[in-house]
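Survey of secondary and tertiary structure
The residues making up each chain are set out below.
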Amino acid sequence: MSNSSAVAQQIARSLVHAGVSDVVLAPGSRSAPLVYALAPLNEAGLIRTHVRVDERDAAFLALGLARGLRARGSESAVAVVTTSGSAVANLHPAVLEASYGHLPLLALTADRPARLRRTGANQTIDDQSQVLSDVRARFDIPAGDSAEAVARSVSEAVAAALGSHKDTVTEAAGPVQFNVQFDTPLVPTPGELNAWTDEIGALAANDAGRRARATVSESRAHLGVTITDGTVLVAGDAGGYPAESLHALAADQHLPVLAEPSSPLARTAVDSKESSTSGSFEPSTVVPAHARVLSNHPELRESIRTVIVHGKPTLTRPVAALLPDESVTVQHVPDAIDAFDMTVHDERAEGLPAAGEAQGIAASGLAWVRAWIDAGTSLVAAARAERAAESLPEPTAAETSNTTSAREFQSTARTITERLAAQDLTLFVASSNSVRYLSDATDIRARIHASRGLAGIDGLISTATGLSLGLGEPVILLIGDIAMLHDIGGLLTPSAEAAGDVTIVVLNDDGGAIFSGLEHSQPHLEGFMERYFTVPHGRGFAELAAAYGWEYMRVSDLVSFDHAMDEGLGAADDRSATTASARRIIEVRLD
């Protein structure tokens, strides 16, 4: 057998034994040995393969798959296969998001043999194993390495990608680069392919051992958290992990929860069928508009003494200023908090003046959490009243029709966002304004996901598609027009591939409106805004939808949006019985 076929088959064999369930491939010649090794595993039902035409979208699809599998309770490293050269560099945006979003991504990068490096050989990087930064580990497998060495390396690579639940930072899940030097010939002989197919048949027959990692019973680690007077719980995106134990902790200990929308703690209501206590679940202690509470209520902010942090909170500046405050004790807990047995150390004072009491603030108990929730509720009500007043039809003398139109669009977009969040569905939310609209939502029932590792706007269509495929359920992607344009390639699903069940709601305000709410909107900077920041493009998505084979509807008001969504949700119920997929774009555009 050729060295390349033998190494590729050992990699495939080891991936199955390590519990890898999904592999995404982009076409390429140098990576062909992996195709011939993995495709028969897909036919035998031992692994799912997915194909995308370009490496960048393949990597983001793998990212979404990893998140979906984790959220479904079937966590697995997801592999993405590329050929050599610049194809590898196209993985980098998704690799960075996986690194900072703590998602297990295994980059299987095919390479030329080491002897061709630094010789000017075609499609050969001098040290391809070093191309991807911010990985948990990197491997460079020589052509013709022994089966034992390859198996050991694959096992180590998958373990590094999955990380450890016993460490909160240094061993978090993340990307691994597994670079493999393939030499010619790159294809197996008929006899070699038949022998491999026969072996796979034996593997499938002995299915009980194919998910070794999943069947290993690991003892649960213990974790202690300390609660003092003035304790709050700050929660960011946790990469799809649940946090039922923290929800119970917050309810039992009356802790205000300052949760970003994609945190598992952000839901203010839970469907009874999801409750682990058969319909009995603790009330929410989520603080509405918590960033504005921190800014506008110094008496509450200055009463904080302890912050328990879950996930990666990155959305707001007030929270970013809170965490490095030296007067505050910060406790980080693991993303996979429900994998731990948690012990609570209660150090709240009994009979002594607590932090904040000098300002009339009870810093513990029901009064503490009620003060936060009431403050947030009041701020949300005031903001809504202010926006309602601004939406009056008569513009002031200083306003232009563009200003009025922008305000009307933001009002519609915000209402649509809050309506989606209030439904029992899975919602993937883009960065920029889409996720910020949710900060004022007071009724969150949706299971909200987002790419918050680096909070970029690239690859979101592919990520949402992967999330749908990983979860095995419909996903609604809420996205702005600029983020949509960043991943037009994600609209393309090859004819033979599963497309997932994705509805894209694109809020098209013709440019990057988020900059209008940042410091760049100051009057003396107005001349720079349109060309260099908001960048209007004047494009809609009807033609792109038709070109890529997506159903399309354009809506301009809430009534038409509700109608479009009712049609889509009804169709999704019909599809659930037939496991068919759907791809729909609902464009929200007022002009």
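Residues numbered from 1 in each chain as written. Predicted model: local features only at pLDDT ≥ 70, side-chain atom pairs only at ≥ 80, totals over all residues. Heavy atoms only, no water.

Counted according to the given criterion, the structure contains five cavities of 30 Å³ or more. Volume-wise, the second largest cavity comes out at about 50 Å³. Lining the second largest cavity are Arg-52, Val-53, Asp-54, Asp-57, Ser-462, Thr-465, Gly-489, Gly-490, Leu-492 and Thr-493. Broken down by class, the residue content of the lining of the second largest cavity amounts to two nonpolar, five polar and three charged. (1 Å grid on protein atoms, 1.4 Å probe; cavity = no way out; pocket = protein on both sides within 12 Å on 5 of 7 lines; lining within 4 Å. Points joined across faces, edges and corners; volume = space filled by probe spheres on them. Nonpolar A, V, L, I, M, F, W, Y, C, P; charged D, E, K, R; others polar.)

With that settled, the discussion passes to the packing of helix H1 (residues 3–17) against helix H2 (residues 32–43). Interhelical geometry of H1 versus H2 gives an angle of 40 degrees and a closest axis separation of 8 Å. By the criterion of interaxial angle, the relationship of H1 to H2 is oblique. For the element pair H1 and H2, the recorded crossing hand is right-handed. In this structure, H1 uses Ser-4, Ala-8, Gln-9, Ile-11, Ala-12, Leu-15 and Val-16 to contact H2, whose residues at the interface are Pro-33, Leu-34, Ala-37, Leu-38 and Leu-41. When its residues are assigned to classes, the contact of H1 with H2 shows 10 nonpolar, two polar and no charged. (Axes fitted to C-alpha atoms, helices over the stretch in contact; angles between N-to-C directions. Helix = DSSP H or I, 4+ residues; strand = E, 2+ residues; numbered from the N terminus. Parallel < 35°, antiparallel > 145°, perpendicular 65-115°, else oblique. Left-handed = near helix turned anticlockwise from the far one by under 90°. Contact = heavy atoms within 4.5 Å.)

Residues Ile-11 and Phe-178 are the most contacted members of the largest nonpolar core, which totals 38 residues. Excluding residues within four positions of it along the chain, Phe-178 makes contact with Ile-11, Leu-106, Ala-107, Leu-108, Thr-109, Phe-139, Ile-141, Ser-153, Val-154 and Ala-157. Counting residues in each nonpolar core, the second largest holds 26 residues, with Ala-413, Ile-416, Leu-425 and Val-555 among its members. (Core = buried A, V, L, I, M, F, W, Y, C linked by side-chain atoms within 4.5 Å. Buried < 20%, exposed > 50% of the residue type's maximum accessible area, 1.4 Å probe, protein only.)

Another point: unusual backbone geometry. Going from Thr-184 to Pro-185, the amide bond is cis rather than trans, its omega being 5 degrees. We note that His-102 has phi near 60 degrees; this positive angle belongs to a residue other than glycine. Along the chain, His-102 turns up in the loop between helix H5 (92–101) and strand E4 (105–111). Residue classification places His-102 among the partly exposed residues on the basis of a relative accessible area of 22%.

To continue, consider the pattern of salt bridges. What the rule picks out here adds up to 22 salt bridges. Across the pair Glu-551 and Arg-584 runs a salt bridge whose closest N-O atoms are separated by 3.9 Å. Of the two residues, Glu-551 sits in strand E17 (residues 551–555) while Arg-584 sits in strand E18 (residues 582–588), which places them 33 residues apart along the sequence. Among the residues examined, Arg-584 registers a relative accessible area of 6% and is labelled buried. Through salt bridges with shared partners, a single network forms among Arg-56, Asp-57, Asp-458 and Asp-487. (Salt bridge = Lys/Arg side-chain N within 4 Å of Asp/Glu carboxyl O.)

What follows concerns the environment of His-92. Mapped onto the secondary structure, His-92 falls in helix H5. With relative accessibility at 22%, the residue His-92 sits in the partly exposed group. Setting aside residues no more than four positions away along its own chain, His-92 makes contact with Val-131, Leu-132 and Ser-133.

Residues Val-35, Tyr-36, Val-187 and Leu-193 make up a contiguous nonpolar surface patch of about 280 Å² in total accessible area. Relative to the assigned elements, Val-187 resides in the loop between strand E6 (175–181) and helix H7 (190–205). (Patch = residues over 30% accessible without salt bridge, like charges linked within 9 Å, V, L, I, M, F, W, Y side chains within 5 Å. Areas by Shrake-Rupley, 256 points an atom, 1.4 Å probe, with all protein chains shown as cover.)

Pairing within the open sheet is parallel, and its six strands lie in the order E2-E1-E3-E4-E6-E5. The strands lining the two open edges of the sheet, one partner per strand, are strand E2 (48–51) and strand E5 (137–141). Each adjacent strand pair in this sheet contributes to an overall mean axis angle of 20 degrees, direction not counted. As defined by bridge partners, E4 adjoins E6 across seven bridges and the pair is classed as parallel. Looking across to E6, one finds that Thr-109 is bridged to Asn-179. Where helix H3 (residues 55–71) meets the sheet, it contacts strand E1 (22–25), E2, strand E3 (78–82) and E4, and its direction lies at approximately 170 degrees from that of E3. (Pairing = 2+ DSSP bridges.)

Summarising the element assignment, Glu-192 is placed in helix H7. Within the structure, Glu-192 has its side chain in polar contact with the backbone nitrogen of Thr-189 (distance 2.9 Å). (Polar contact = N/O pair within 3.5 Å; in protein donor to acceptor, adjacent residues only side chain to side chain.)

It is worth spelling out H7 at this point. Think of an α-helix as turning once every 3.6 residues; residues three or four places apart then point the same way. Taking 1.5 Å per residue, 16 residues should reach 22 Å; H7 reaches 23 Å between its end C-alpha atoms and fits that length. Listing the buried residues of H7 in full gives Glu-192, Trp-196, Ile-200 and Leu-203. With its buried residues spanning 75 degrees around the axis, H7 presents them on a single face. Summarising the geometry of H7, the exposed residues directed more than 90 degrees from the buried face are Pro-190, Asp-198 and Ala-205. Close packing links the buried residues of H7 with H1 and H2. (Expected span 1.5 Å × (residues − 1). Arc of directions from axis to C-beta.)

This part is about helix H6 (residues 147–162). With 16 residues, H6 should cover 22 Å at 1.5 Å per step; its first-to-last C-alpha distance of 23 Å lies within 8% of that length. Burial in H6 covers these residues: Ala-149, Val-150, Ser-153, Val-154, Ala-157, Val-158, Ala-161 and Leu-162. At the exit of H6 stands Gly-163, carrying a positive phi of roughly 70 degrees.

Next up on the list: the sheet that holds strand E8 (residues 231–235). Sheet architecture is open: four strands sit in the order E9-E8-E10-E11, paired in parallel fashion. Each edge of the sheet is formed by a strand with only one pairing partner; in this case those strands are strand E9 (257–259) and strand E11 (329–333). Taking each pair of neighbouring strands and ignoring which way they run, the sheet shows an average axis angle of 20 degrees.

Another point: the packing of H1 against H7. Their axes nearest at 12 Å, the elements H1 and H7 cross at an angle of 10 degrees. Considered as vectors, H1 and H7 are oriented roughly parallel to each other. Of the residues in H7, those touching H1 at Ser-5, Gln-9, Ala-12, Arg-13 and His-17 are Glu-192, Trp-196, Glu-199 and Leu-203. Looking at side-chain class alone, the contact of H1 with H7 contains three nonpolar, three polar and three charged residues.

Here the protein chain shows a mean pLDDT of 88. Residues at 70 or above account for 87%. Residue range residues 210–217 is modelled with pLDDT below 50. Its contacts to residues more than four positions away, or to other chains, number 14 contacts. Low confidence marks residues 275–281, where pLDDT is under 50. Its contacts with residues over four positions away, or in another chain, come to five contacts. (pLDDT = per-residue confidence, 0-100.)

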